[in-house]
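Coordinates in review
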There are 2 protein chains.
Amino acid sequence: MNNYSPRLSRLIEALRKLPGVGPKSAQRMAFHLLDRDRAAAEKLAAALGDALGGIGRCKTCRMFCEDEACRYCTPARRAGGQLCVVETPADLMALEAGTSYRGRYFVLMGRLSPLDGIGPAELGLSVLQEVLLEGDVQEMIVATNPTVEGEATAYYLAEMAKAAKVKVSRIAHGVPMGGELEYVDGGTLTHALSGRTPA
Amino acid sequence: MNNYSPRLSRLIEALRKLPGVGPKSAQRMAFHLLDRDRAAAEKLAAALGDALGGIGRCKTCRMFCEDEACRYCTPARRAGGQLCVVETPADLMALEAGTSYRGRYFVLMGRLSPLDGIGPAELGLSVLQEVLLEGDVQEMIVATNPTVEGEATAYYLAEMAKAAKVKVSRIAHGVPMGGELEYVDGGTLTHALSGRTPA
């Protein structure tokens, strides 16, 4: 086993907590920061402290938020009457970056997963219910992932929206753009076929 | 392009400076830290600050060092009379972890590379020369990498050691343990053949 000095060992351990970073990468990162880029290390430490202190959650959409007013809950977005439900902040960023959708969001911070003890209460779906009952939302777009749990969550959300008399839609699943039918899995093809639209 | 809030953007930029981390990984790391593991983020910030403040370089061997006395320059190691020259701190850690060598080290922090403007002065080889002239070192083991630049560095170091009347050796290059001759490159095979030892 490697025998690092205490401070180095603490730094490497802390870097290992980052997702996708194993012992070798952590050592490489630590040595790189100490050896070649101390300025980057200082910036990282400052940015971490700053982010921890300054980034909270929006009470309405639950996206990360650091200002008084959440940038995804502006009156302009509210006026559109659309609400897109996603599983994670990364999903929200992907939709913002890749599509022209500029309505409101609701971040579930997970998905329904009874086996892991994650039910509607754990996801805080009562917050979503309140948003729906406010009456601003005309359409709820469910953009959970097309996994078993994501689909179950979508079904539950659809029922919720119907109970609140809000129109609900699900993003389309099918063959990805540029994909070749030959190499697409059967489940996706089945979805693509059953979700066919008039040409 | 993604449109992060300022603090989040600074955090992601800072994480991107880590070796091997691109924009997607940096976003994933930032979201992970903010969303699921704020304690890890705090620890990382503290460990970075601590390491920057507390980890310096040993004046003799140039390995990272945080105490008064460098752990690789102890009198016990000095007594062995061996000095191993490596390119980077990671190489030193690999030798410490994988071998039973417990002599002294000298970390070059690079290799001779005239095209990049790195000559003996830039590597600070005068420090090594002083160590050699002290008279404690009986054998200098050159463990630079078997690359063109590493070999050139090894040649230069050997000349230095000979001038200081110190015995010099180079680590063996050949077929790695568990490797199969069939899949080993020609350069390695040539080294293995010319470096053959009596059985």
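Residues numbered from 1 in each chain as written. Chains lettered and ligands numbered in written order. Predicted model: local features only at pLDDT ≥ 70, side-chain atom pairs only at ≥ 80, totals over all residues. Heavy atoms only, no water.

Chain A carries the name Recombination protein RecR in an unreviewed UniProt entry, which gives Panacagrimonas perspica as its organism. Quoted verbatim from the Function (unreviewed entry) heading of the UniProt record, the comment on chain A is "May play a role in DNA repair. It seems to be involved in an RecBC-independent recombinational process of DNA repair. It may act with RecF and RecO." Word for word, the UniProt comment on chain A under Sequence similarities (unreviewed entry) is "Belongs to the RecR family." (UniProt positions renumbered as here; feature names shortened; annotations may be inferred.)

Along its length, chain A carries eight helices and six strands. Secondary structure of chain A in N-to-C order comes out as α-α-α-β-β-α-β-α-β-α-β-α-β-α. Its C-alpha radius of gyration of 22 Å places chain A more than 25% over the 16 Å reference for a compact globule of 199 residues. Looking at chain A residue by residue over its 199 residues, the buried ones come to 44%. Sequence-distant contacts in chain A: of pairs separated by 6 or more residues, those separated by 24 or more amount to 50%. Element-wise, carbon and sulfur atoms account for 55% of the exposed surface of chain A, whose accessible area totals about 10800 Å². Computed over 23 positive and 23 negative side-chain charges, the inter-centroid distance for chain A is 4 Å. (Helix = DSSP H or I, 4+ residues; strand = E, 2+ residues; numbered from the N terminus. Rg over C-alpha atoms; globule rule 2.2 N^0.38 Å. Buried < 20%, exposed > 50% of the residue type's maximum accessible area, 1.4 Å probe, protein only. Contact = heavy atoms within 4.5 Å. Areas by Shrake-Rupley, 256 points an atom, 1.4 Å probe, with all protein chains shown as cover. Lys, Arg positive; Asp, Glu negative; His and termini not counted. Charge placed at Lys NZ, Arg CZ, Asp CG, Glu CD.)

This paragraph deals with unusual backbone geometry. Residue and element names in this part refer to chain B. The backbone of Met 109 sits at a positive phi, close to 60°, despite the residue not being glycine. Along the chain, the position of Met 109 falls in the loop between strand S4 (104-107) and helix H6 (125-134). Even without being glycine, Lys 165 reaches a positive phi, approximately 60°. Along the chain, Lys 165 falls in the loop between helix H7 (148-163) and strand S6 (167-170).

This brings us to the interface of chain B and chain A. Many authors give the size of an interface as the accessible area that is lost as the parts come together. Tallying the contact residues gives 49 residues for chain B and 49 residues for chain A. Where chain B abuts chain A, roughly 4900 Å² becomes buried across the two surfaces, and 67% of that area is made up of carbon and sulfur atoms. Our count for the contact surface shared by chain B and chain A stands at eight salt bridges. Across the pair Arg57(A) and Asp35(B) runs a salt bridge whose closest N-O atoms are separated by 3.1 Å. Inspection of the chain B/chain A interface yields 15 residue pairs in polar contact (both at pLDDT 80 or more). Mapped by element, the contributors of at least two residues to the side of chain B that touches chain A are helix H1 (6-16), helix H2 (23-35), helix H3 (38-54) and helix H5 (89-98) of chain B. Looking at which element gives the most residues to the side of chain B that touches chain A, the answer is H3(B), with 13 residues. By residue class, the composition of the side of chain B that touches chain A is 30 nonpolar, seven polar and twelve charged. (Buried area = accessible area lost by both parts, 1.4 Å probe. Salt bridge = Lys/Arg side-chain N within 4 Å of Asp/Glu carboxyl O. Polar contact = N/O pair within 3.5 Å; in protein donor to acceptor, adjacent residues only side chain to side chain. Nonpolar A, V, L, I, M, F, W, Y, C, P; charged D, E, K, R; others polar.)

Now for the pairing of strand S4 (residues 104-107) of chain A. Residues and elements named next belong to chain A. Every second residue of S4 is oriented toward a common face, with Arg 104 and Phe 106 on one face and Tyr 105 and Val 107 on the other, all of them buried. Strand direction decides the pairing type here: strand S3 (residues 82-86) and S4, joined by four bridges, are parallel. Bridge pairing in S4 places Cys 84 opposite Tyr 105. For the handedness criterion, the β-α-β arrangement of S3, helix H5 (residues 89-98) and S4 is classed as right-handed. (Pairing = 2+ DSSP bridges. Right-handed = clockwise from strand over helix to strand, strands pointing away.)

As a further point, take the sheet that holds strand S6 (residues 167-170) of chain A. By definition, the strands of a sheet pair up through backbone hydrogen bonds, in either a parallel or an antiparallel sense. Residue and element names in this part refer to chain A. Taken in spatial order, the four strands make up an open sheet running S4-S3-S5-S6, and their pairing is parallel. For this open sheet the edge positions go to S4 and S6, each flanked by a neighbour on one side alone. Recorded for the sheet is a direction-independent mean angle of 25° between the axes of neighbouring strands. In the sheet, S3 pairs with strand S5 (residues 139-142) via four bridges, with the strands oriented parallel. When the sheet's bridge partners are listed, Gln 82 is paired in S5 with Glu 139. Across the face of the sheet, H5 comes into contact with S3 and S4 while running at roughly 155° to S4. Here helix H7 (residues 148-163) sits on the sheet and contacts S3, S5 and S6; the angle it forms with S6, its principal contact strand, is near 165°. (Axes fitted to C-alpha atoms, helices over the stretch in contact; angles between N-to-C directions.)

This part is about the pairing of strand S5 (residues 139-142) of chain B. Residue and element names in this part refer to chain B. Of the two faces of S5, the one carrying Glu 139 and Ile 141 and the one carrying Met 140 and Val 142 are both buried. Bridging between S5 and S6 involves four bridges; their strand directions are parallel. For Glu 139, the partnering residue across the bridge sits in S6 and is Lys 167. On the question of chirality, the crossover connecting S5 to the parallel S6 by way of H7 is right-handed.

This part covers H7(B). Residue and element names in this part refer to chain B. Along its 16 residues, H7 runs 23 Å from first to last C-alpha, staying within 8% of the 22 Å computed at 1.5 Å per residue. Burial in H7 covers these residues: Gly 150, Thr 153, Ala 154, Leu 157, Ala 158, Met 160 and Ala 161. For H7, the buried positions fall inside an angular range of 160° around the axis, keeping them on one side. The exposed residues of H7 that point more than 90 degrees off its buried face are Val 148, Tyr 155, Lys 162 and Ala 163. Check the buried side of H7 and you find it contacts strand S3 (82-86), H6, S5 and S6. Following H7 by one or two positions, Lys 165 has its phi on the positive side, about 60°. (Expected span 1.5 Å × (residues − 1). Arc of directions from axis to C-beta.)

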